[in-house]
Amino acid sequence: MKFLLLITLSLFIAHRAKGQEILPLYPGAIPNSKPVPDKERTEVRENGMHIVSDITIPTLTVFLPATPAPTRTAVVICPGGGYHINAIKHEGLDIARKLNEWGIAAFVLKYRIPDDASMINKEIGPLQDAQQAIRMVRQNAKKWNIDPGKVGIMGFSAGGHLAATAATHYRKPVIADAGNINLRPDFLVLGYPVISFTDSIGHAGSRDNLLGKSPSIEKIREYSNELQVTDETPVTFLVHASDDKVVLPFNSIAFYESLIRHNVPAELHIYERGGHGFGMHNPTTNEDWTSTLRNWLVSRGLLPR
């Protein structure tokens, strides 16, 4: 039964990915990697979630809109999964298709899962992939009809932590950056993100998977992104639910407060209910938060009025 399920999923992804290009993230050797067998698996869980696990070979799936918006905006998307899996469909591929409907070029990042067995330094592995994705999009801006000054990053749950890390750690490149291409995203969109690794509000599973079971206080602070905001952090849109018991809404609140203290334009939307991992559709409300996001993008000049 499991074998049939995997075959069905493969056919589904092949069908839905028609017209999209799946590219290796690095042109040559994958940095910070140890030689290990490729054990990557894709499956559908009982709740319908499509997940990819044991990722050691990162890719970027290119979704170009049939009718690009005149703003030529682009977004790199980081699915969630606690730094243990990638929730590739409802926090990745589905989001990309929605952005394409608006005329935005979208790029789904399948980033490596931090693992001492496959990485020399697992704490920087996902960030390397996020920085390389931003670099790759800007490198190919002309080819993909993108404005290199309108490249954002979007992430959900632990993918939100990765996106927020890319938006606050860009001055410390963890990849080779020939040509000194700008690694700073121009804007940031976060869905129920892990932000903090502190004991009080942080997500322990994401912290353990990225930093190990006993990280130093210095490492906890370094990867608690509410503590890394500066006046130059990108403008940000956040959405969360008050009843999220997996990633507490205080993560989004703490990041929002830090942005405001640093005079960074930000917009925060917190629903009364919705739990964790609702993707584009919060089942507890008729309000469509992606429409609110679209309005925000228009207000920032990232989509036309």
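None of these values were measured; they are calculated from a predicted model. (Residues numbered from 1 in each chain as written. Predicted model: local features only at pLDDT ≥ 70, side-chain atom pairs only at ≥ 80, totals over all residues. Heavy atoms only, no water.)

A. Local environment of helix H4 (residues 158–168). Counting buried positions along H4 yields 11 of 11 residues, so the element is predominantly enclosed. When we look at burial in H4, the residues that qualify are Ala158, Gly159, Gly160, His161, Leu162, Ala163, Ala164, Thr165, Ala166, Ala167 and Thr168. (Buried < 20%, exposed > 50% of the residue type's maximum accessible area, 1.4 Å probe, protein only. Helix = DSSP H or I, 4+ residues; strand = E, 2+ residues; numbered from the N terminus.)

B. Quick peek at the pairing of strand S3 (residues 50–53). In S3, alternate side chains face the same way, and those of His50 and Val52 on one face and Ile51 and Ser53 on the other are all buried. Two elements, strand S2 (residues 41–44) and S3, share 4 bridges in a ladder whose sense is antiparallel. What sits directly across from Arg41, in S3, is Ser53. Here S2 hands over to S3 after 5 residues, with Gly48 in that stretch at a positive phi of 90°. Where S3 lies against strand S6 (residues 85–86), 2 bridges are found, and the strand directions are antiparallel. Note that in S6 the partner of Val52 across the bridge is Asn86. (Pairing = 2+ DSSP bridges.)

C. Up close: the sheet that holds S3. Overall, antiparallel pairing links the 3 strands, which are arranged S2-S3-S6 in an open sheet. The open sheet has two free edges, formed respectively by S2 and S6, since each of these has just one partner strand.

D. View of the pattern of salt bridges. With the rule as written, the count across this model stands at 14 salt bridges. With a closest N to O distance of 2.8 Å, Arg138 and Asp186 form a salt bridge. Here Arg138, found in helix H3 (residues 125–139), pairs with Asp186, found in the loop between H4 and strand S9 (187–191); they are 48 residues apart in sequence, far enough to count as distant. What makes Arg138 buried here is its relative accessible area of 10%. A network of salt bridges, in which partner residues are shared, links Lys89, Asp94 and Arg97. (Salt bridge = Lys/Arg side-chain N within 4 Å of Asp/Glu carboxyl O.)

E. Structural detail: the packing of aromatic side chains. This model, assessed by the stated rule, comprises 7 aromatic pairs. Measuring from centroid to centroid gives 5.7 Å for Phe156 and Tyr192, while their planes differ by 50°, and the two rings are tilted. On the criterion of sequence distance, the pair formed by Phe156 in strand S8 (residues 151–156) and Tyr192 in the loop between S9 and helix H5 (204–211) is long-range, its members being 36 residues apart. Taken as a pair, Phe156 and Tyr192 share a single burial class, namely buried. With a centroid separation of 5.0 Å and 65° between ring planes, the pair formed by Tyr192 and Phe278 is classed as edge-to-face. Placement of Tyr192 in the loop between S9 and H5 and of Phe278 in the loop between strand S11 (266–271) and helix H8 (289–299) is noted, with a sequence separation of 86 residues between them. Classification of Tyr192 as buried rests on a relative accessible area of 0%. Three or more aromatic residues joined by ring pairs make a cluster, and in this case those are Phe156, Tyr192, Phe237, Phe278, Trp289 and Trp296. (Phe/Tyr/Trp six-rings, centres within 6.5 Å; stacked < 30°, edge-to-face > 60°.)

F. Broad picture of the environment of Pro173. Mapping Pro173 onto the fold places it in the loop between H4 and S9. Judged by relative accessible area, which is 46%, Pro173 ranks as partly exposed. Expressed as a C-alpha distance, the spacing of Pro173 and Leu183, which sit 10 residues apart in the sequence, is 7.7 Å. The contact partners of Pro173, leaving out residues within four places of it in the chain, are Gln131 and Leu183. (Contact = heavy atoms within 4.5 Å.)

G. Quick look at the nonpolar core. Counting residues in hydrophobic clusters, the biggest one holds 49 residues, and the most contacted among them are Phe107, Leu109, Val137, Ile146, Ile153 and Phe255. Filtering out sequence-adjacent residues up to four positions away, Phe107 remains in contact with Leu60, Thr61, Val62, Leu64, Ala74, Val75, Val76, Ile77, Val137, Trp144 and Ile146. One finds Val189, Tyr271, Phe278 and Trp289 within the second-largest nonpolar core, a separate group that totals 35 residues. (Core = buried A, V, L, I, M, F, W, Y, C linked by side-chain atoms within 4.5 Å.)

H. Spatial organisation of the packing of H3 against H4. Contact geometry of H3 with H4 gives a least axis separation of 9 Å together with a crossing angle of 65°. Here H3 lies roughly perpendicular to H4, going by the angle between them. At the point where H3 passes H4, the crossing takes the right-handed sense. Together, Pro126, Leu127, Ala130 and Ile134 of H3 and Leu162, Thr165 and Ala166 of H4 make up the contact between the two elements. Tallied by class, the residues present in the contact of H3 with H4 amount to 6 nonpolar, 1 polar and no charged. (Axes fitted to C-alpha atoms, helices over the stretch in contact; angles between N-to-C directions. Parallel < 35°, antiparallel > 145°, perpendicular 65-115°, else oblique. Left-handed = near helix turned anticlockwise from the far one by under 90°. Nonpolar A, V, L, I, M, F, W, Y, C, P; charged D, E, K, R; others polar.)

I. Here's a closer look at the sheet that holds S8. As summarised here, the arrangement of the 8 strands in space is S1-S4-S7-S5-S8-S9-S10-S11, forming an open sheet in which the pairing is mixed. The sheet terminates laterally at strand S1 (21–24) and S11, the two strands that pair on one side only. Each strand of the sheet is rotated relative to its neighbour by a mean of 15°, with strand direction disregarded. Pairing geometry for S9 and strand S10 (residues 235–241), over 5 bridges, is parallel. Across the sheet, residue Gly191 finds its bridge partner in S10, namely Val239.

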